[in-house]
Amino acid sequence: MKLRNQQIDMISWTSKEGIVTPVRFRMEEDGETIVIKIGHILRTDKNMFAGTPTLIFRCSSVVGGIEKLYELTYNCGSQQWLLKKI
């Protein structure tokens, strides 16, 4: 996986228990907008980054006929999503 640290637009849902689940995201690549639907969430980790709780999602999706693994990070304090690695 290649390190990206790119801010992305995310559609997610939150359960009544407060569990956040990513659904799909939009990113820019080579001046083109790409929408990727989350295929499978392989692992979810809770972490602290600079004193702020974060959620790290390791996921896979089929993009252009190829299965890609990637890592998404949700910063609970700023409520921002990052495409960490792809």
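Residues numbered from 1 in each chain as written. Predicted model: local features only at pLDDT ≥ 70, side-chain atom pairs only at ≥ 80, totals over all residues. Heavy atoms only, no water.

**Observations regarding the nonpolar core**
- By size, the foremost hydrophobic cluster in this structure holds 15 residues, and its most contacted members are Ile-8, Phe-25, Phe-57, Tyr-70, Leu-72, Trp-81 and Leu-83.
- Of all the elements in the fold, those that place two or more residues in this core are strand 1 (3-14), strand 2 (20-29), strand 5 (52-63), strand 6 (66-75) and strand 7 (80-85).
- Apart from residues lying up to four places away in sequence, Trp-81 is in contact with Gln-6, Gln-7, Ile-8, Met-10, Ser-12, Val-20, Pro-22, Phe-57, Leu-72, Thr-73 and Tyr-74. (Core = buried A, V, L, I, M, F, W, Y, C linked by side-chain atoms within 4.5 Å. Buried < 20%, exposed > 50% of the residue type's maximum accessible area, 1.4 Å probe, protein only. Helix = DSSP H or I, 4+ residues; strand = E, 2+ residues; numbered from the N terminus. Contact = heavy atoms within 4.5 Å.)

**Observations concerning the sheet that holds strand 2**
- Taken in spatial order, the 7 strands of this open sheet run 3-2-1-7-6-5-4, and their pairing is antiparallel. The open sheet has two edge strands, strand 3 (32-37) and strand 4 (40-49), and neither has a second partner. In this sheet, adjacent strand axes meet at a mean angle of 30° when their direction is disregarded.
- Pairing analysis gives 4 bridges linking strand 1 to strand 7, with the strands arranged antiparallel. Counterpart to Gln-7 in the pairing with strand 7 is Leu-82. (Pairing = 2+ DSSP bridges. Axes fitted to C-alpha atoms, helices over the stretch in contact; angles between N-to-C directions.)

**What about the pattern of salt bridges?**
- If you walk through the whole model with that rule in mind, you get 5 salt bridges.
- Of the charged contacts in the structure, one is a salt bridge between Arg-4 and Glu-29, with a shortest N-O distance of 3.2 Å. Taken together, the residues span a long stretch of sequence, with Arg-4 in strand 1 and Glu-29 in strand 2 at a distance of 25 residues.
- Judged by its relative accessible area of 30%, Glu-29 falls in the partly exposed class.
- For Arg-43, the salt bridge goes to Asp-45, with nearest N and O atoms at 3.2 Å. (Salt bridge = Lys/Arg side-chain N within 4 Å of Asp/Glu carboxyl O.)

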